[in-house]
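Coordinate inspection notes
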Amino acid sequence: MKKQPKNKVLFLIPAGVILAGALIFLGTRGRGDDSVCQETVARLQALENSDISQTEQELQELKQASGSSSDSEAASDGSVMTVLSDVEIRQVFAGSVIIGDSITESIVEYDYLDTDVVISKRGLNVGAADDQISTAISLNPTHVFMAFGSNDLEIYGSDATSFIDAYRTQLKKIQTALPDVPIYINCILPITDEAIAQTPDLGYYSDYNDGLISLCQEMGCTYIDNTAIVESSSENLYEPDGEHVIQDYYPKWLTHMAQTAGLQA
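Here goes a summary of the coordinates provided. (Residues numbered from 1 in each chain as written. Predicted model: local features only at pLDDT ≥ 70, side-chain atom pairs only at ≥ 80, totals over all residues. Heavy atoms only, no water.)

So, on to the overall build of the protein chain. Assigned secondary structure in the protein chain consists of 12 helices and seven strands. Taken over 265 residues, the protein chain has a buried fraction of 45%. Sequence-distant contacts, at least 24 apart, represent 65% of the contacts inside the protein chain between residues at least 6 apart. Accessible surface, the protein chain: about 13,700 Å² in total, of which carbon and sulfur atoms supply 49%. (Helix = DSSP H or I, 4+ residues; strand = E, 2+ residues; numbered from the N terminus. Buried < 20%, exposed > 50% of the residue type's maximum accessible area, 1.4 Å probe, protein only. Contact = heavy atoms within 4.5 Å. Areas by Shrake-Rupley, 256 points an atom, 1.4 Å probe, with all protein chains shown as cover.)

Here's what the structure looks like:
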């Protein structure tokens, strides 16, 4: 059998790289980020002299950086949710505000959004969020997202009614000042049995969530159930305390909020 000339084989590898790279480059250009485009071109040029294993790894990294390849997760309604890239998260939440406690604060700590969007405080409960509500109103947002409850459980315990009353008070402030702005209320995430065993008051989270559902119906807000994110995940998304969540939860949560509110990049 006649052997193929080696130079033809060598030609096919860069061609494949260029073709795949072109798709990534065009996808990146479509996002309007010139700095990312320039970085992509430079990395593609370097790939022409790389071996196959390195090339494949580099292409995957380029796809992730450009946002052309995203993870898929189960949404609360059973549909498949395509997780937004970091760039897309910043784009879709521009002009919105997210108000909450330490779980919300980690959105900033993990560098997904900045304090012009995320208004939070570690240890904050909804009844003590007057300053945060005032700041949110002053920003004149297009959408308001709220996420309270983990700290409130230890304050109100079995008295879910008082928690809902405090939430209602804050909602009224926002609706009075921003009557045309939609408000989205995040659920309290499920808390592990181990955490509840140590702090029994945490076990009332489902009662609180039932109250939030009713409150949303009463006040014309939208309830966001994020339970499926943690329960359908192939990895454990909880911190050792069984209440807070690890970084991998956040892009999925932000994507779910954006999807529920119809926010688009």
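Another point: the sheet that holds strand E5 (residues 144–147). Strands pair in a sheet through their backbones, by hydrogen bonds, and they do so in one of two ways: parallel or antiparallel. Strand order in this open sheet of five strands is E4-E3-E5-E6-E7, and the pairing throughout is parallel. Each of the sheet's edge strands pairs with one partner strand only, and the pair in question is strand E4 (118–120) and strand E7 (222–224). Going across the sheet, the axis of each strand differs from the next one's by a mean of 20 degrees, ignoring polarity. Taken together, the three bridges between strand E6 (residues 183–186) and E7 define a ladder with parallel strand orientation. (Pairing = 2+ DSSP bridges. Axes fitted to C-alpha atoms, helices over the stretch in contact; angles between N-to-C directions.)

All right, on to the packing of helix H6 (residues 130–138) against helix H8 (residues 160–177) then. For the pair H6 and H8, the least separation of the axes is 10 Å and the interaxial angle reads 20 degrees. Taken together, the axes of H6 and H8 lie roughly parallel to each other. Where H6 crosses over H8, the two elements pack in a sense that is right-handed. Across from Asp-130, Ile-133 and Ile-137 in H6, the residues of H8 making contact are Gln-170, Lys-173, Ile-174 and Ala-177. Residue classes in the contact of H6 with H8 are distributed as four nonpolar, one polar and two charged. (Parallel < 35°, antiparallel > 145°, perpendicular 65-115°, else oblique. Left-handed = near helix turned anticlockwise from the far one by under 90°. Nonpolar A, V, L, I, M, F, W, Y, C, P; charged D, E, K, R; others polar.)

For the rest of this paragraph, the subject is unusual backbone geometry. At Asp-111, a position not held by glycine, the phi torsion is positive, near 65 degrees. Position of Asp-111 among the secondary structure elements: in the loop between helix H5 (102–109) and E4. For Asn-140, which is not glycine, the phi dihedral falls at a positive 50 degrees. In this fold, Asn-140 is placed in the loop between H6 and E5.

On E6, burial covers both faces: Ile-183 and Ile-185 on one face and Tyr-184 and Asn-186 on the other are all buried. Here three bridges tie E5 to E6, and the two strands are oriented parallel to one another. Residue pairing across strands places Val-144 opposite Ile-183, the latter belonging to E6.

Glancing now at the environment of Ile-103. By the element assignment, Ile-103 lies in helix H5. Relative accessible area serves as the criterion here: at 13%, Ile-103 is assigned to the buried category. Distance from Ile-103 to Val-245, taken between C-alpha atoms, is 7.5 Å for residues 142 residues apart in sequence. Those residues in contact with Ile-103 that sit more than four places away from it in its chain are Ser-150, Glu-243, His-244, Val-245, Tyr-250 and Trp-253.

Let us look at the packing of H5 against helix H12 (residues 249–261). Where H5 meets H12, the closest approach of the two axes is 11 Å, and the angle between their N-to-C directions is 105 degrees. With respect to each other, H5 and H12 are oriented roughly perpendicular. Of H12, the residues touching H5 (which contributes Ile-103, Thr-104, Ser-106 and Ile-107) are Tyr-250, Trp-253 and Leu-254. Across the contact of H5 with H12, the residue classes tally to five nonpolar, two polar and no charged.

For the rest of this paragraph, the subject is H6. Taken together, the buried positions of H6 are Gln-132, Ile-133 and Ala-136. All buried residues of H6 lie within an arc of 100 degrees about the axis, which places them on one face of the element. Seen from the buried face of H6, the exposed residues on the opposite side, beyond 90 degrees, are Asp-131 and Ser-138. Phi turns positive one or two residues past the end of H6, at Asn-140, with a value near 50 degrees. (Arc of directions from axis to C-beta.)

The periodicity of an α-helix, 3.6 residues per turn, causes residues three or four places apart in sequence to face the same way. Here H8 is 18 residues long and its end C-alpha atoms lie 26 Å apart, about the 26 Å a rise of 1.5 Å per residue gives. Taken together, the buried positions of H8 are occupied by Ala-160, Phe-163, Ile-164, Ala-166, Tyr-167, Arg-168, Gln-170, Leu-171 and Ile-174. Of the surrounding elements, those touching the buried residues of H8 are strand E3 (97–100), H6, E5, helix H7 (150–156), E6 and helix H10 (205–219). (Expected span 1.5 Å × (residues − 1).)

Relative to the helices and strands, Ser-102 resides in helix H5. For Ser-102, a relative accessible area of 5% puts it in the buried group. Reaching out from Ser-102, the side chain makes a polar contact with the side chain of His-244 at a distance of 2.9 Å. Residue contacts for Ser-102: discarding those within four places in its chain leaves Lys-121, Arg-122, Gly-123 and His-244. (Polar contact = N/O pair within 3.5 Å; in protein donor to acceptor, adjacent residues only side chain to side chain.)

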